[in-house]
Amino acid sequence: MTIEEAVLDPDSDRYHRFVLANTVLQSPPHVPEIKLHLADEAHDLWHRTEEELATIGLPPPFWAFAWAGGQGVARYVLDHPEAVADAVVLDFASGSGLVGIAAAKAGAAHVISCDIDPFARPAIALNAKANQTTIEARVDDLIGSDDGWDVVLAGDVFYEKPLADRLVPWFTALAKRGATIIVGDPGRSYFPNNLLESLAVYSVPVTRVLEDAEVKQTSVWRFRR
């Protein structure tokens, strides 16, 4: 393994130390049953993340915050365990692993939490351990693939058009072949609500560092088959 590969290895001690040094174990307000290693200040952490890898343009540390969409999906899954019971679940764009942890607690047979940010894997691993759950954490771009998951969960993923344009046909295809696709959304601009059916609506407390309000109305939806 080269020095560059070692630095970029998401399983390295360096990544775990970074996550622990920049977060505090706490419970998201809408999902108090779960504890996560979360940051308090987004802007400072973004700069520390870039400096850690000496890389400009590293993805923002979505893994360090409990976003409204993710809290909504996690709340729904915990309140409706039948949605994931005994299922193979993909927690897509997992970030902190919040939604995957909720699925594991609700009785999923196997949970894969996946994100493209290499820092997400140690964050997911640490958070799963803190909640005494077992989760397979992956760093990969799974859009367009299909490993036969029974359920796909995604919290707050329609925040930009290029990503939405990739997600809609993928989620639609997975739903048509029989997968259950459940997503959370706090009113993002590119959410395709004409393709989904509403499951629940929550008022989710969030930080003003990330959002334009202290409480976001967050809906949980399922893609039509």
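It should be emphasised that the depicted structure is a prediction, and the values quoted were computed from it without experimental measurement.

1. Considerations on the overall build of the protein chain
Move 1: Of the regular secondary structure elements, the protein chain holds seven helices and nine strands.
Move 2: The buried share of the protein chain, reckoned over its 225 residues, is 52%.
Move 3: When contacts within the protein chain are restricted to residue pairs at least 6 apart in sequence, those whose partners lie at least 24 apart make up 67%.
Move 4: Split by element, the accessible area of the protein chain, about 10,200 Å² in all, is 51% carbon and sulfur.

2. Points about the nonpolar core
Move 1: One finds Ile34, Trp63, Val77, Val84, Val89, Ala103 and Leu153 to be the most contacted residues of the largest nonpolar core, which totals 47 residues.
Move 2: Breaking this core down by element, the ones donating at least two residues are α2 (13-21), β2 (36-38), α4 (68-79), α5 (98-105), α6 (120-130), β6 (151-155) and β8 (196-205).
Move 3: Looking at which element gives the most residues to this core, the answer is α4, with six residues.
Move 4: With 25 residues, the next largest nonpolar core counts Ile112, Phe158, Leu174 and Phe191 among its residues.

3. So, the environment of asparagine 194
Move 1: Examined against the element boundaries, asparagine 194 turns out to sit in the loop between β7 (180-185) and β8.
Move 2: Along the sequence, asparagine 194 and arginine 224 sit 30 residues apart, while their C-alpha atoms lie 9.5 Å from each other.

4. Focus: the side chain of threonine 218
Move 1: Within the fold, threonine 218 resides in strand β9 (residues 215-223).
Move 2: Owing to a relative accessible area of 0%, threonine 218 belongs among the buried residues under this scheme.
Move 3: Discounting residues that sit within four places of it in the chain, threonine 218 has contacts with Ala68, Gly69, Gly72, Asp185, Pro186, Ala200, Val201, Tyr202 and Val204.

5. Here we look at the packing of α2 against α6
Move 1: Contact geometry for α2 and α6: axes closest at 9 Å, N-to-C directions at 65°. Comparing their axes, α6 and α2 come out roughly perpendicular. Viewed along their axes, α2 and α6 form a crossing whose handedness is right-handed. In contact with Tyr15, His16, Val19 and Leu20 of α2, α6 contributes Pro122, Ala123 and Leu126.

6. What about the confidence of the model for the protein chain?
Move 1: In this model, the protein chain carries a mean pLDDT of 88, and residues with pLDDT of at least 70 account for 86%.
Move 2: Low pLDDT, under 50, characterises residues 1-7; the stretch is placed with six contacts to residues that sit more than four places away or in other chains.

7. Structural notes on the pairing of strand β4 (residues 110-115)
Every other side chain in a regular strand lies on the same face of the sheet, so the side chains alternate between the two faces.
Move 1: The buried fraction of β4 is high, at five of six residues.
Move 2: Relative to β4, strand β3 (residues 88-92) is paired through five bridges, and the arrangement is parallel. Considered in β4, the bridge of valine 88 is made with histidine 110.
Move 3: Viewed along the sheet, the connection from β3 through α5 into β4 turns out right-handed.
Move 4: Where β4 lies against strand β5 (residues 136-139), four bridges are found, and the strand directions are parallel. By the bridge assignment, serine 113 is partnered in β5 with alanine 137.
Move 5: Of the crossover connections in this fold, the one passing from β4 over α6 to the parallel β5 is right-handed.

8. Quick notes on the pattern of salt bridges
Move 1: Applying the stated criterion to the full structure yields nine salt bridges.
Move 2: Of the charged contacts, one joins arginine 75 and aspartate 79 as a salt bridge, the two residues approaching to 3.0 Å between their closest N and O atoms. On the criterion of helical spacing, the pair formed by arginine 75 and aspartate 79 is a turn pair, its members being four residues apart in helix α4.
Move 3: Arginine 166 serves as the salt-bridge partner of aspartate 141, at 3.1 Å between the closest nitrogen and oxygen. In this pair, aspartate 141 is assigned in the loop between β5 and β6 and arginine 166 in helix α7 (residues 161-176), connecting sequence segments 25 residues apart.
Move 4: Overall, the relative accessible area of 39% leaves arginine 166 in the partly exposed class.
Move 5: Connected through shared salt-bridge partners, Glu33, Arg75 and Asp79 make up one network.

9. Structural notes on the sheet that holds β9
Move 1: Sheet architecture is open: seven strands sit in the order β5-β4-β3-β6-β7-β9-β8, paired in mixed fashion. Here the strands that pair on one side only, and so sit at the sheet edges, are β5 and β8. If you compare each strand with its neighbour and ignore which way they point, the axes differ by 20° on average.
Move 2: Packed on one face of the sheet, α6 meets β4 and β5 and runs near 170° to β5.

Thresholds applied
- Residues numbered from 1 in each chain as written.
- Predicted model: local features only at pLDDT ≥ 70, side-chain atom pairs only at ≥ 80, totals over all residues.
- Heavy atoms only, no water.
- Helix = DSSP H or I, 4+ residues; strand = E, 2+ residues; numbered from the N terminus.
- Buried < 20%, exposed > 50% of the residue type's maximum accessible area, 1.4 Å probe, protein only.
- Contact = heavy atoms within 4.5 Å.
- Areas by Shrake-Rupley, 256 points an atom, 1.4 Å probe, with all protein chains shown as cover.
- Core = buried A, V, L, I, M, F, W, Y, C linked by side-chain atoms within 4.5 Å.
- Axes fitted to C-alpha atoms, helices over the stretch in contact; angles between N-to-C directions.
- Parallel < 35°, antiparallel > 145°, perpendicular 65-115°, else oblique.
- Left-handed = near helix turned anticlockwise from the far one by under 90°.
- pLDDT = per-residue confidence, 0-100.
- Pairing = 2+ DSSP bridges.
- Right-handed = clockwise from strand over helix to strand, strands pointing away.
- Salt bridge = Lys/Arg side-chain N within 4 Å of Asp/Glu carboxyl O.

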